[in-house]
Amino acid sequence: MNGEILIIVKAPNEPTTRYVKVGQRIGNGKVLVKRVEQLKGSEPIVVLEENGVEVNKEVGEMSAEISGP
């Protein structure tokens, strides 16, 4: 959208999906949408960060909760 990447996310403990941009937070502000990487011939990878730890999620990948205990 106008050169910006929008990502549709369904964060744990949130009732619905929503659009977010790189730099926004999800999961009650605990998880940063850090960047999106696109490698030739593969699905885009969304890089999330929580407590300084990066987690890579392929677009369309289902996931368990990001937050630990």
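Structural notes, computed from the coordinates. Small disclaimer: the values here were computed from a predicted structure and weren't measured.

## Considering the pattern of salt bridges
Pairing is possible between side chains of opposite charge, provided their charged atoms come close. All told, the structure shown has six salt bridges when counted by the stated rule. Of the charged contacts in the structure, one is a salt bridge between Glu49 and Lys34, with a shortest N-O distance of 2.8 Å. Separated by 15 residues along the polypeptide, Glu49 in strand E5 (residues 45-50) and Lys34 in strand E4 (residues 31-37) bring together distant segments of the chain. Note on Lys34: relative accessible area 31%, which makes it partly exposed. Lys34 is paired through a salt bridge with Glu54; the nearest N and O atoms lie 2.8 Å apart. Of this pair, Lys34 sits in strand E4 while Glu54 is found in strand E6 (residues 53-58), placing the two residues 20 residues apart along the sequence. Judged by its relative accessible area of 36%, Glu54 falls in the partly exposed class.

## A short note on the nonpolar core
As a rule of thumb, soluble globular proteins bury nonpolar side chains together. In terms of nonpolar packing, the biggest core is built from nine residues, these being Ile7, Val9, Ala11, Val20, Ile26, Val31, Val33, Val46 and Leu48. Of all the secondary-structure elements, those providing two or more residues to this core are strand E1 (6-9), E4 and E5.

## Side note on the pairing of E4
With two bridges connecting them, strand E3 (residues 25-26) and E4 associate as antiparallel partners. Paired with Ile26 across the bridge in E4 is Val31. Counting the residues between successive antiparallel strands, the hairpin from E3 to E4 contains four residues, one of them, Gly27, with a positive phi of roughly 60°. Here E4 pairs with E5 via five bridges, running antiparallel.

Definitions and limits used
- Residues numbered from 1 in each chain as written.
- Predicted model: local features only at pLDDT ≥ 70, side-chain atom pairs only at ≥ 80, totals over all residues.
- Heavy atoms only, no water.
- Salt bridge = Lys/Arg side-chain N within 4 Å of Asp/Glu carboxyl O.
- Helix = DSSP H or I, 4+ residues; strand = E, 2+ residues; numbered from the N terminus.
- Buried < 20%, exposed > 50% of the residue type's maximum accessible area, 1.4 Å probe, protein only.
- Core = buried A, V, L, I, M, F, W, Y, C linked by side-chain atoms within 4.5 Å.
- Pairing = 2+ DSSP bridges.

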